[in-house]
Amino acid sequence: CLFPSFSSFVAVKMIQCAQACLYLSVLVAFAACNAPPVPLDDIFIEKTFVPEECVRAVKVGDYVRYHYIGMFPDGKKFDSSYDRGNTYNVFVGKKQLIEGMDKALVGMCVNERRLVKIPPQLAYGKQGYGDIIPADSILHFDVLLLDVWNPEDGVQIKTYHTPATCPRKVEVSDFVRYHYNGTLLDGTLFDSSHTRMRTYDTYVGIGWLIAGMDQGLLGMCVGERRIITMPPSLGYGENGDGDDIPGQASLVFDVVLLDFHNPRDRITVTNQKVPEPCTRKAVAGDFVRYHYNGSLLDGTFFDSSYSRNRTYDTYVGQGYVIAGMDEGLIGVCVGERRTITIPPHLGYGEEGTGTKIPGSAVLVFDVHIIDFHNPSDNTEVTVTYKPEGCDKQTKKGDFIKYHYNASLMDGTSIDSTYNYAKTYNIVLGANQIVPGMEDGLMDMCVGEKRHLVIPPHLGYGERGVTGEVPGSAVLVFDVELVDMEEGLPEGYMFIWNDEVSPDLFAEMDKDNDEQVEPSEFTDYIIRQVNEGKGRLAPGFDPYRIIDNMFSNQDRDGDGKITVAEFKLKADEAAAHDEL
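Not measured: the values here are computed from a predicted model. (Residues numbered from 1 in each chain as written. Predicted model: local features only at pLDDT ≥ 70, side-chain atom pairs only at ≥ 80, totals over all residues. Heavy atoms only, no water.)

**A look at the UniProt feature "domain: PPIase FKBP-type" (unreviewed entry) in the protein**
Okay, step 1: Following the UniProt record, one finds the feature "domain: PPIase FKBP-type" (unreviewed entry) at residues 61-149, 173-261, 285-373 and 397-485.
Okay, step 2: The span residues 173-261 is 11% helical and 39% strand by assignment, and the distance between its end C-alpha atoms comes to 9 Å.
Okay, step 3: Helix makes up 11% of residues 285-373 and strand 39%, whereas the separation of the span's terminal C-alpha atoms amounts to 9 Å. (UniProt positions renumbered as here; feature names shortened; annotations may be inferred. Helix = DSSP H or I, 4+ residues; strand = E, 2+ residues; numbered from the N terminus.)

**Concerning the pattern of salt bridges**
Okay, step 1: Under the criterion given, the structure shown has 28 salt bridges.
Okay, step 2: Here Asp-377 makes a salt bridge to Arg-280, at a shortest N to O gap of 3.1 Å. Note that Asp-377 is positioned in the loop between strand E18 (363-373) and strand E19 (380-385) and Arg-280 in the loop between strand E13 (268-273) and strand E14 (287-296), a separation of 97 residues in sequence.
Okay, step 3: Salt-bridge contacts for Lys-395 lead to Asp-398; the nearest nitrogen and oxygen are separated by 3.1 Å.
Okay, step 4: Each of Arg-56, Asp-62 and Asp-153 takes part in one network of salt bridges that share partners. (Salt bridge = Lys/Arg side-chain N within 4 Å of Asp/Glu carboxyl O.)

**A few points about the packing of aromatic side chains**
Okay, step 1: Under the counting rule described, the total for this entry stands at 31 aromatic pairs.
Okay, step 2: Ring centres of Phe-91 and Trp-149 lie 6.3 Å apart, and the angle between their planes is 70°; on these two criteria the pair is classed as edge-to-face. Here the residue Phe-91 occupies a position in strand E4 (residues 88-91), and Trp-149 occupies one in strand E6 (residues 139-149), the gap between them amounting to 58 residues. Assigned by exposure class, Phe-91 and Trp-149 land together as buried.
Okay, step 3: Ring plane angle 80° and centroid distance 6.1 Å describe the contact between Tyr-180 and Tyr-200, whose orientation is recorded as edge-to-face. Placement of Tyr-180 in strand E8 (residues 175-184) and of Tyr-200 in strand E10 (residues 200-203) is noted, with a sequence separation of 20 residues between them.
Okay, step 4: A relative accessible area of 33% places Tyr-200 in the partly exposed class.
Okay, step 5: Cluster of aromatic residues (ring-pair linked, three or more members): Tyr-66, Tyr-68, Phe-72, Phe-78, Tyr-88 and Phe-141. (Phe/Tyr/Trp six-rings, centres within 6.5 Å; stacked < 30°, edge-to-face > 60°. Buried < 20%, exposed > 50% of the residue type's maximum accessible area, 1.4 Å probe, protein only.)

**Quick look at the state of the cysteines**
Okay, step 1: This structure, assessed with the given rule, holds four disulfides.
Okay, step 2: Put simply, Cys-166 and Cys-221 are joined by a disulfide, and their sulfur atoms are 1.9 Å apart. Taking the sign of the S-S torsion, about -90° here, the bridge from Cys-166 to Cys-221 comes out left-handed. A residue pair is termed long-range when its members are at least 10 positions apart, and Cys-166 in the loop between strand E7 (156-161) and E8 and Cys-221 in the loop between helix H5 (211-216) and strand E11 (225-230) qualify at 55 residues.
Okay, step 3: Of the residues examined, Cys-221 reaches a relative accessible area of 4% and is grouped as buried.
Okay, step 4: In this model Cys-390 forms its disulfide with Cys-445; the gap between the sulfur atoms is 1.1 Å. Within this pair, whereas Cys-390 is found in the loop between E19 and strand E20 (399-408), its partner Cys-445 is found in the loop between helix H8 (435-441) and strand E23 (449-454), the two being separated by 55 residues in sequence.
Okay, step 5: On the basis of relative accessible area, Cys-445 is assigned to the buried category, the value being 2%.
Okay, step 6: With cysteine numbering restricted to those in disulfides and following the sequence, the protein has the pairing 1-2, 3-4, 5-6, 7-8. (Disulfide = S-S within 2.5 Å.)

**Comments concerning unusual backbone geometry**
Okay, step 1: Residue Glu-276 is joined to Pro-277 through a cis peptide bond whose omega torsion reads -5°.
Okay, step 2: Phi at Met-197 is positive, roughly 55°, even though this residue is not glycine.
Okay, step 3: Checked against the element boundaries, Met-197 lands in the loop between helix H4 (193-196) and E10.

Set out below in structure tokens:
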């Protein structure tokens, strides 16, 4: 009678049912909150975070560092290591903890987090703990493990990169240069040489480092990377470093070794490629031209002569270069390649260069010897072919024609007359070629072939020839004498082949005006040469010689020669290049 329809009746009944259910749930919840806790027979562990890798799990007897929050079941906190700003540090399984915590820590990994519920009989029991923990209290602990080690632990080494070659390993008393990242066992970074952009440089095995690092670096190769893990007894011990490293902390160092040497080291020479033959080796006082690539022991490049497209040129054995290079270049052959490894005390020492070369760095130079000479060297002449019947040899003043191939000591071609299909023609002793070539062409027969090695002070000197001959370069010439014309005696530019005419002045004076004009003089000398009665010095411009002869006779410089001025060379008190 109260409901207008059946559907309305159903709707009201559904609403009433829902209200009843809600009321029942509230009652259940209230009962649960106010019900006494369910008694625990043993600890209950819930792992709230487990790291991907667990290198080591806690065992009885281990020493641990962990953070915790202690709570009652209702969530009320009664203690926290976080509030004190220090981890809780203790041995596990030695009754230094309540029994339930001793059990709860076993098997934990570093960075693992556990929620541990401990019944009263494994906590503070019926006595409780003063005013903080009542009797018969169930305790909840939120635990985060940060560190674990054992008094029996030593240094642990894990090498994760080994270089392809390892000619030498770190030993006690070696001086090393390395980069590192230092962390606690939970991964907290406390120091890094990378952030300072400078290696850590020290002696190994003599107490300059913490004991664990002293041990962990031994046996390393340059380029090797390893993880060195050490207990606090081999690190910073009970007190830590007072800043970033807590007391009783395990330390983890990720190390890459860049360099090491020993103060007793001398240079080492390797990778020698010596050409055959090697007729001469560099000695102290020689001047050497060489190319090099310079790098540190870990392969870091710092300099190269190739990048400058110019050799490095220096005296050796006289202190012009670092001591190790001075020593390393002694005994080299032209064309030789060698690797010279130089310890810092023979290189740039503790200071380095301030830019590219760090302090206390071992240096590695890959060297290619281009040439060397000594300031006392003369032209080296080797006769490679000499014709039979060599009765006429070149001398000063001779006009010669020869072919040559010119190169540097490393074989680099400079020039060749064969490229031009014509000989090179000069007068010996007239300073028309470099002094070393003058020496090498003396006393040579037509058809003879020679190999000449000319030091730079007898060649093109320190400056060389731009674009052709480097400064201070030793020159190599393969020469062949093709022809020669005998020169005049020294001091003469013209000689008579026959007796000198007693009427010489009159023969020159065509117009009989008792003075000789330049044209008369030139015509006369040319006619004598053409008729074979006289000879001009070969290899020079004949008209320039004749002009010079005329000027020497024209003593008053009026452009004419008079009888009074005209004299033969034999009549002169002083020598002149004239008649």
